[in-house]
Structure formats: C-alpha cells, structure tokens
2 protein chains.
Amino acid sequence: MPFKVLHVGLGPIGIAIVRQVASRKGLTIVGAVDIDPAKAGQDLGDVCGMGRKLRVKVTSDLARTIKSVRPDVAVLCTSSSLKKVLPEFETVLKLKVPIVSTTEELAYPVKSNRATARKIDALAKRARVAVLGTGVNPGFTMDALPIVLTAVCERVDAIEVDRVQDASIRRLPFQQKIGAGLTREEFAERVRLGTVRHVGLAESITMIADAMGWKLDRITDEIQPKVADHAVSSQFLTVEPGLVCGLIQDGAGYRKGKALIRLHMEAYLGAPESFDAVRVAGTPPLNMRIAGGVHGDIATASITVNSIPKVLQAAPGLRTMRDIALPSFAGG
Amino acid sequence: MPFKVLHVGLGPIGIAIVRQVASRKGLTIVGAVDIDPAKAGQDLGDVCGMGRKLRVKVTSDLARTIKSVRPDVAVLCTSSSLKKVLPEFETVLKLKVPIVSTTEELAYPVKSNRATARKIDALAKRARVAVLGTGVNPGFTMDALPIVLTAVCERVDAIEVDRVQDASIRRLPFQQKIGAGLTREEFAERVRLGTVRHVGLAESITMIADAMGWKLDRITDEIQPKVADHAVSSQFLTVEPGLVCGLIQDGAGYRKGKALIRLHMEAYLGAPESFDAVRVAGTPPLNMRIAGGVHGDIATASITVNSIPKVLQAAPGLRTMRDIALPSFAGG
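Residues numbered from 1 in each chain as written. Chains lettered and ligands numbered in written order. Predicted model: local features only at pLDDT ≥ 70, side-chain atom pairs only at ≥ 80, totals over all residues. Heavy atoms only, no water.

Next up on the list: the side chain of A:Thr116. All names here are of chain A. Inspection of the secondary structure puts Thr116 in helix α5 (residues 114-127). The class of Thr116 is buried, set by a relative accessible area of 7%. If near-sequence neighbours (up to four positions away) are discounted, Thr116 is found in contact with Leu82, Lys83 and Leu86. (Helix = DSSP H or I, 4+ residues; strand = E, 2+ residues; numbered from the N terminus. Buried < 20%, exposed > 50% of the residue type's maximum accessible area, 1.4 Å probe, protein only. Contact = heavy atoms within 4.5 Å.)

Listed per partner, the contact involves 44 residues of chain B and 44 residues of chain A. Summed over both sides, the interface between chain B and chain A buries roughly 3500 Å², with carbon and sulfur atoms accounting for 68% of that surface. In this structure, the connection of chain B to chain A is made through zero salt bridges. On the surface where chain B and chain A come into contact, there are 21 residue pairs in polar contact (both at pLDDT 80 or more). Looking at the side of chain B that touches chain A, the elements that each hand over two or more residues are α6 (144-149), β7 (155-166), α9 (201-212), β14 (286-291) and α10 (296-312) of chain B. Its residues assigned to classes, the side of chain B that touches chain A shows 28 nonpolar, 10 polar and six charged. (Buried area = accessible area lost by both parts, 1.4 Å probe. Salt bridge = Lys/Arg side-chain N within 4 Å of Asp/Glu carboxyl O. Polar contact = N/O pair within 3.5 Å; in protein donor to acceptor, adjacent residues only side chain to side chain. Nonpolar A, V, L, I, M, F, W, Y, C, P; charged D, E, K, R; others polar.)

Residue and element names in this part refer to chain A. Two elements in contact, helix α3 (residues 62-69) and helix α4 (residues 82-94), have axes whose closest approach is 10 Å; the angle formed by their N-to-C orientations is 25°. For the element pair α3 / α4, the angle class is roughly parallel. In this structure, α3 crosses over α4, and the sense of that crossing is right-handed. Together, Leu62, Ala63 and Ile66 of α3 and Glu88, Thr91 and Val92 of α4 make up the contact between the two elements. (Axes fitted to C-alpha atoms, helices over the stretch in contact; angles between N-to-C directions. Parallel < 35°, antiparallel > 145°, perpendicular 65-115°, else oblique. Left-handed = near helix turned anticlockwise from the far one by under 90°.)

Residues and elements named next belong to chain A. Counting across every chain of the model gives 24 salt bridges over all chains. When the shortest N-O distance is used, the salt bridge between Lys125 and Asp121 registers 2.9 Å. Here Asp121 and Lys125 lie together in helix α5, a separation of four residues that amounts to about one turn. Residue class for Lys125 comes out partly exposed when judged on its relative accessible area of 43%. One salt bridge connects Arg289 with Glu273, and the closest N-O pair in it is separated by 3.0 Å. In this pair, Arg289 sits in strand β14 (residues 286-291) while Glu273 sits in the loop between β12 (258-268) and β13 (275-283), placing the two residues 16 residues apart along the sequence.

Here we take up the relation of the copies chain B and chain A. Note on the identical chains: chain B maps onto chain A by a rotation of 180° and an axial translation of 0.0 Å, with an RMSD of 0.0 Å. Taken together, the rotation and translation describe the operation of a two-fold axis. Mapped onto chain A, 100% of the interface residues of chain B are again interface residues, and the two copies thus contact each other with one and the same surface. (Least-squares fit on C-alpha atoms with pLDDT ≥ 70 in both.)

Our focus in this paragraph is the packing of helix α4 (residues 82-94) of chain B against helix α5 (residues 114-127) of chain B. Residue and element names in this part refer to chain B. With their axes 10 Å apart at the nearest point, α4 and α5 run at an angle of 10° to one another. With respect to α5, the axis of α4 lies roughly parallel. Residues Leu82, Lys83, Leu86, Phe89, Glu90 and Leu93 of α4 form the contact with α5, whose own contacting residues are Thr116, Ala117, Lys119, Ile120, Leu123, Ala124 and Ala127. Among the residues forming the contact of α4 with α5, the class breakdown is nine nonpolar, one polar and three charged.

Here we take up the pairing of strand β2 (residues 27-33) of chain A. Residues and elements named next belong to chain A. Among the seven residues that make up β2, five are buried, leaving the element largely enclosed by the rest of the structure. Across six bridges, strand β1 (residues 3-8) lies against β2 in parallel orientation. From the neighbouring strand, Lys4 faces β2, where its bridge partner is Thr28. The β-α-β motif built from β1, the intervening helix α1 (residues 12-23) and the parallel element β2 has right-handed crossover chirality. Pairing geometry for β2 and strand β3 (residues 58-59), over two bridges, is parallel. Looking at the pairing, Val33 lines up with Thr59 of β3. (Pairing = 2+ DSSP bridges. Right-handed = clockwise from strand over helix to strand, strands pointing away.)

Right, let's talk about unusual backbone geometry for a bit. Residue A:Pro138 follows A:Asn137 across a cis peptide bond; omega there is 5°. Here A:Pro138 shows up in the loop between β6 (130-133) and α6 (144-149). In this chain, B:Thr283 is followed by B:Pro284 through a cis amide linkage whose omega measures -15°. Relative to the assigned elements, B:Pro284 resides in the loop between β13 (275-283) and β14. Phi is positive for A:Lys96, close to 60°, though the residue is something other than glycine. Assessed through its relative accessible area of 53%, A:Lys96 is described here as exposed. A positive phi is found at B:Lys256, a non-glycine position, where the angle reads about 50°. Assignment of secondary structure puts B:Lys256 in the loop between β11 (244-255) and β12 (258-268).

Another point: the nonpolar core. Counting residues in each nonpolar core, the largest one holds 177 residues, and the members touching the most others are A:Leu44 and B:Leu44. Ignoring sequence-local partners within four residues, the contact set of A:Leu44 consists of A:Leu10, A:Val18, A:Ile29, A:Ala32, A:Leu54, A:Val56 and A:Val58. (Core = buried A, V, L, I, M, F, W, Y, C linked by side-chain atoms within 4.5 Å.)

If you want it as structure tokens, here you go:
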C-alpha cells in the first residue's frame, strides 16, 4: 500500500517535491493545499507545470482537506519561519498527521525558537506522530553530513564546512534570495529587512554543537555581498559589473572565544566551481570534498521525499536529522 | 553516571578501544575478558601497553565477570566470523547486556549468515537490549557513508566506492592480513585458506542494496595480489620487488547482469595516496572524496566507542548502522 501524501505549499520547492512524489513508487498524492486563491480548483499537475493531470485538485482549506483525503503524511513547504508555520502545524497535528517540512528553522531549533519547538513536540507526542524538518541546507550538507563524518573520530577539535555554489544554474527565486542584480545599497537594505539571506546557519551550528557535546556561548551569522567584477548571466538575468551577483555568508559557533564551528557559504552567479567541503580537525583529521557540490533544489526536494518513510517509522515528537534512521535514498 | 563498559577480546582492535574508552568522559571500564591465559590476572592498562594501571584485572570467564561487574554494555572484538562469536553473544545476551561488536560479519548479515543473525536478534529482543556490529569497513566508509550521501538523490542508478590505503602506516597484523611479504604462491594459498582477505565487502554491498531497495541476484568478491615493483618498507617489514606488498579486492552487486554496486579496495605498502571516494550515478550525481582517507585502526576503534550511547538508546534486537541514531562523534 503506498503512503498517501498531502502537499501543503506549492512554491518552487513544494512543486519540486510534488514532481518527485508523483513519480516515486510507494507514495501517492492524495491532496494539495495552497493559500494562493488562483491555484485553488486547478489540477495539481497543471499548477506544477507537469504537462499531465495528476487528478488532484488544489484546495485552500487545510483542515477540511485533511479530513476528506486522510493522508498518511503532510509535506509542508510554506515558510522558513517556525513561528509563521505554527498555526499550520497545529491544524495538521490536531488531525494526527505526521509532518515532513522544509521550514529551515525547524531543521534544528535554535534557542529563540525552542518555546515554539516545544509546542510542536508536545502536539506531535499527543498525536502520536513524528515531525521532521529537513532539506539540503539546513538538514544535510552543513550539518548532518559533517556530523556523520565525525563518527570515525576519537577526538574532534573543530569543524569547518564550505558550501560554494554557482547560482546561475539555480531557479530564479533563489537568485533573487541571494540578491543577484541589486546595488550594494539595495543589498544592505534587504539584508537589514531579512529578505536577502540564507536561513539555517545558526540551526546547523546548533545541530553540530549538540552532536559533539559542545556548549557554545556565542553564534554569529554574517552576510556580505559578492560584487560582480564582470558581467555575469543566468537564463533569467544579467548582472552588470559593480552590482551584486550573490552573497557570502559566514556562521560561527564559539566557546570561550574560540570558533569550534565555522560554516562558510558562497552563492553567486558565475562562481567558477561549485563544491561542498568538510574539514574536521581532530583524530584522525578528515578532509572531505564533493566536487561539483550538491545541487540545492533537487537535493532539498529529494531529502524531503526520502525522509517520508523514515518519519513514518520514527518515535512520536519533533525529530531531527540526528534521530531518524540513517538518511538515504528511498525509492527502489 | 558514566556507562559501565566490559571489554571482550584484547587483540589490536580491542586494545585500541580500551585506550579510547579509558580517556572518554561518560564511559568507565569495569571489566575485560580475553581467552589468552597469559593475560588473565594482569592489569588491563599493562595488557594494553598504556604505561599506567587501569585498576581492572583481565579475566577469562565471561559469564562470571558479567555477573560480578554488571556492565551497561559489552564491547566484543574477538572474531570476524558471526558463527564463531555466537556462543559469546549467547552468554552476554542471556545476562541481558547490550553489545557493540567489531565482528565484520555482524555489520550487515549476508544471506548465509541470516539464520545466525536471526538467533542473535531473538536473543537480544528477549533480553530487551540492542546489538550492533560496526567498524570503519564494514560499517562506514564503504556502506553507511555512501548510503547517507544518497539522501539528497531523486534517483540512484549505481554506486561505486574506492578505498585506497597506504598500509605502511597501519599495524603489523593488518600488514600481515593483506599478505605483505608473501610470494604470489603463498598469497594465493592464503586467499584459498581465507586468512588473507578483507572481510566485509559482501556485507557492505548487502547493506547498500537494502537501503536503495535493490534486489540483487549476485554478489562477487575477488582478491588479487599487489606485487611490489620496487622495495617497499614499513616500520615492521620490507617487501622486496616481485613479492606481494598488499591486496586489491573488488566486490560487486549485480541485478540482471548489471553491476549496480562496485566496491574497490587497495591496501598495500607504498600506495602513493590514501583516499576514500564515492561516486553516485543518479540525480543529482555525486562525487565525494576524502583526501588522505579514513585511517582504519583509529576509525574502527572510534566508531565502536562512539556507537555505545546510540546502542544504549536503540530499540531491542540486532540493529545495524542503518537503524541507530545518526552516527557521530560522542564524547564532549
């Protein structure tokens, strides 16, 4: 019997997940909910540009849809913010449906989100279902993967992770999220407003620190513009020299003035080489590199879909990538 | 309260584990058992060449020692063979003690070992404790790690893993196990007898196949000598040109004549570069490399020690690296 999946949120990531679930054995789409009234009533296949009908109508009332289609799991992709998604989580969990979500702040709740996380944990336990936040980053390349590497270590002194991505092959909203095409002033303003940034470094740092047993006294998260020194283009836009082509973001976790964890991200149009790298200072030291990097959009959709069977067998409550079964492709 | 650890088997790996446990927070050594009568009655620190007493006497009677020291977990490092360790497992599990073991065949039981594995699983469930087989290989570099990487994949078509190690920096028994110093004829004879080989490729292939949902119809495991073309040395021995300096071992998992999984190992004195590499053919494709490789002796001891807290919180039964909590350093 395939698992019945309800999709909540049909932005670019939500759509990428629908496309994967539609073609995976063991999963069947029973419903899709989005707040955009223009999508309501349309066939999900049309909304997702699939060129074929999925025979599932997009709806706008979450509770009513759950009661009518009785999903085994809800995949929630509506916001990066834990506080923003809380009402949706409450609705889904009151109806006792497990959740896999790409909400970045859910991947590993930081201090300021712990009260909200505790609420979700309590609701999930009452419903006797599991909730998981996942994605490629946070959720994998800058946290779960470096954590897994340390399994072979006798001692870990520090962890450094680099994620460098040529953003020109990514979707337009991602290129906008990293500030491509803005002036430096516009970029600074968007950073101030919080609309240009990667959400997740503090979450990843907290996850690593907890796994290593390190009590941090400070976490930093700083964003710089990457300014084009020559014209760079993607299929969606061209950035002239002097304008911003992306961002450089650095997170660090300190204990007694020493950075035990350093996460370095570069995402900009025209980056000469995409890669993911992890350096573990310890015994033995480890030096891992994924040439070409892990493609963000495919990866976030994949890890979300691959996590569904693991969440369905996990213990009730708010889970993280640290306490579900070993992450893996799940498809056959 | 630290977890009380009983060490069973004081060969090179067992000793390396004792040395780590002795210096880790959260763990305390309460006993050590070995079949070698020369070790019985000696202080464990002396037997492990630690230059200090551990105030634990090595004993030879497993059941009596468990009843007297009441460990929270037993670390078993006595043999590669599941059938050989079965009597020890029975003794430990009848006394309701969880087990972490470096027994290679336990890392992921292959078809011919499933009956024995089922016995251990039943004993562990009856005792309401978990049992885990782990190590660097099998247990990590050629199975758990490639499996984890596929978590970001939408599709996986094939997996290839390389593990190349300069054996000159490894312990003497390892150098002997890979046939260093033998003639080609002696090597062939030892391969025939099963005393020169890496145990674990079939286990790793089976673990990967199960994680991917692939039903294999054939697993191969072939050993070739690596012959020195110039004199190569370690601190323990020198191999003249024309003699064997190590082994090359290839495992593959086939479905319908196609190799979906290929594991390639080289371990010989004088390998120019040690590394571990994983290539996942799929969407997205992945190309990972650990420069310098993962040092086998430290890594096997580390992952065993790091698994102790995870085994103590795992569900009862025979567990594998696929179903305990996310592997990681655990020390603080």
